[in-house]
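Okay, here's what each chain looks like letter by letter:
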Amino acid sequence: MTDATRPGGPALPQERKLVTAIPGPGSLERLDRKKAFVADGVGTTLPVFVVAAGGGVIVDVDGNSLIDLGSGIAVASVGNAAPGVVSRVQEQVAAFTHTCFMVTPYDGYVDVCEQLAQLTPGDHAKKSALFNSGAEAVENAVKIARVATGKDAVVVFDHAYHGRTNLTMAMTAKNMPYKHGFGPFAGEVYRAPMSYPFRDGLTGEEAAARAIDVIDKQVGAGNLACVVIEPIQGEGGFIVPAPGFLPAISAWCSANDVVFIADEIQSGFCRTGAWFACDDEGVVPDLVTTAKGIAGGLPLAAVTGRADLMDAVHAGGLGGTYGGNPIACAAALGAMAEMREHELDRRAREIEAIMRDRLSALQEQHAVIADLRGRGAMLAIELCRPGTTEPDAARTAAVSAYCHAHGVVTLTCGTWGNVVRFLPPLSISDELLREAFDVVAEAFAATT
Ligand code: PLZ
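Residues numbered from 1 in each chain as written. Predicted model: local features only at pLDDT ≥ 70, side-chain atom pairs only at ≥ 80, totals over all residues. Heavy atoms only, no water.

Q: Even after reading the chapter, I still don't get the site of the ligand, so can you show me in this structure?
A: By nearness alone, 15 residues border the ligand, and Gly134, Ala135, Arg164, Asp263 and Gln266 come closest of all. Within the contact set of the ligand, an oxygen atom lies 2.8 Å away from a backbone nitrogen or oxygen of Ala135. Within the side chain of Gln266, a nitrogen or oxygen atom sits 2.8 Å from an oxygen atom of the ligand. Alone, the ligand offers 510 Å² of accessible surface; in the complex the protein occludes 82% of this. The residue makeup of the shell around the ligand, split by class, is 5 nonpolar, 5 polar and 5 charged. (Near = heavy atom within 4 Å. Polar contact = N/O pair within 3.5 Å; in protein donor to acceptor, adjacent residues only side chain to side chain. Areas by Shrake-Rupley, 256 points an atom, 1.4 Å probe, with all protein chains shown as cover. Nonpolar A, V, L, I, M, F, W, Y, C, P; charged D, E, K, R; others polar.)

Laid out in structure tokens, this is it:
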């Protein structure tokens, strides 16, 4: 894809341009105001204050143009201010901004649910309910599974991330910064071992047998409402389970009246080269949670799944003031249209080819890159002390800091903070993507 052919065409100059240090004087001034008025608990990875973004760039108050390899954590998959999103949002905001779907409904909500029924894995009868954030979707998926099964327990996995609300904090694995001091957490949440090929060397079937044994012995299918799993783990380190793991867990759930919930909040909507990460192995979840990429940057989330499960909840049992807000729904319809029109699932695979090429070359040069993994435009490298599996968080931070200082937005993740992840908007041009990876390569050379 070239600048001229990318979705939306060349609205902002698609270039990396640094005119000040990062952060520049304008951002530094605003950081003082942030310090004065914004709670310290709300952090920022790369503190440049943004004035515009689109295609593959983010432009700051000082006139710096940075290459975006983060998409606001896998949200702006169709690109920032994507034309199809902007036009629908503008039309909707001028017509009406909110009535509350639970008070007086509107088409946009139903349209989004219809599309989710078509796009999510499986061709069975499906229904959806809409919410505001990923965490809220996960909470509601658990509520639905509990009502539908009449059981309480929830199984999640090592390295999982499901959100920051009370129930989802319990479901999230990592203590710092997500959980520390915030307990007590919701009960009846149990953790099973994840398939982590780089660290456990197990096949998918072996890892599934290990997890099922833990679930069976420590929880018991008779108490278990649902298993919630990210088909590719996000915050936990872009861990891709070994082939066979997801199908085996899903089959065990089906055989034991346990609801299999795929959390596709980070991996969904073309990110992994398919509409959903579950599609890769033909896994059909009972329920799917989505958010992030669904609406091109507006807050929207959904639970979609088997109509019989979704309808198990009593009338009025699901909702919320803003869930499926009309502007967010308009944005989602625009984002999904962009994904279809520009075949962004295919585009994610093209992006993968470019990134994988560059990252494998880097891995050959730098022994600190112990693992390269992911799928589509969701790739990561795990950094360890050469020849070991001992995490190297310091080098990870140094590489990322170099990228930031040189105008490339990179994100880190992982239980040990030793993973650099790459999540470019699917609207980025090949040229810009290559330039960003030149900088990543420089970062490794400069931090040896
Ligand atoms: N499930 C798989 O990736 C959000 C969190 C960033 P919300 N991940 C980014 C942070 O530090 O808060 C996420 C996810 C998966 C659930 C969530 C939660 O989605 O929209 O942030 O609530």
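Read on, since the account is not over.
Q: Hey, could you run me through the layout of surface pockets in this one?
A: Rolled over the atoms, a probe as big as a water molecule pinpoints where empty space is left. Roughly 370 Å³ of volume is contained in the second largest pocket. Phe101, Tyr109, Ser128, Ala129 and Leu318 are the residues nearest the centre of the second largest pocket, which is lined by 18 residues in total. Per element, the largest residue contribution to the lining of the second largest pocket is 4 residues, and it comes from strand 4 (residues 126–131). Its residues placed into classes, the lining of the second largest pocket shows 10 nonpolar, 7 polar and 1 charged. (1 Å grid on protein atoms, 1.4 Å probe; cavity = no way out; pocket = protein on both sides within 12 Å on 5 of 7 lines; lining within 4 Å. Points joined across faces, edges and corners; volume = space filled by probe spheres on them. Helix = DSSP H or I, 4+ residues; strand = E, 2+ residues; numbered from the N terminus.)

Q: Help me out: how do you make sense of helix 1 (residues 25–37) in this one?
A: Note on helix geometry: an α-helix contains 3.6 residues per turn, so any two residues three or four positions apart are oriented the same way. Taking 1.5 Å of rise per residue, 13 residues should cover 18 Å, and helix 1 covers 19 Å from first to last C-alpha, within 8% of that figure. Among all positions in helix 1, only Gly26, Ser27 and Lys34 are buried. For helix 1, the angular spread of buried residues about the axis comes to 85°, placing them on one side. Across from the buried face of helix 1, at angles greater than 90 degrees, the exposed residues are Pro25, Glu29, Asp32, Lys35 and Ala36. Buried residues along helix 1 sit in contact with strand 2 (57–60). (Expected span 1.5 Å × (residues − 1). Buried < 20%, exposed > 50% of the residue type's maximum accessible area, 1.4 Å probe, protein only. Arc of directions from axis to C-beta. Contact = heavy atoms within 4.5 Å.)

Q: Would you mind going over the side chain of Glu264 with me for this structure?
A: Relative to the helices and strands, Glu264 resides in the loop between strand 8 (259–263) and strand 9 (287–290). For the buried residue Glu264, which engages in no salt bridge, the nearest side chain bearing the opposite charge is Arg375, 7.2 Å off. From its side chain, Glu264 meets the backbone nitrogen of Cys278 in a polar contact 2.8 Å long. Contacts of Glu264, omitting those with residues within four sequence positions, involve Pro231, Phe276, Ala277, Cys278, Val288 and Thr289. (Lys, Arg positive; Asp, Glu negative; His and termini not counted. Salt bridge = Lys/Arg side-chain N within 4 Å of Asp/Glu carboxyl O.)

Q: What should I look at first to understand the domain arrangement of the chain in this one?
A: Accessible area lost upon the coming together of the parts is a frequently used measure of interface size. With domains assigned, the chain is organised as domain 1 (25–78 + 343–446) and domain 2 (84–341). The C-alpha-based centres of domain 1 and domain 2 are spaced at 25 Å. Taking both partners together, domain 1 and domain 2 bury about 2,900 Å²; carbon and sulfur atoms supply 57% of that area. Taken as a group, Val78, Arg375 and Met378 account for 27% of the area that domain 1 buries against domain 2, more than any other trio of residues on that side. Our count for the domain 1 to domain 2 interface comes out at 3 salt bridges. (Domains from an automatic or database assignment. Buried area = accessible area lost by both parts, 1.4 Å probe.)

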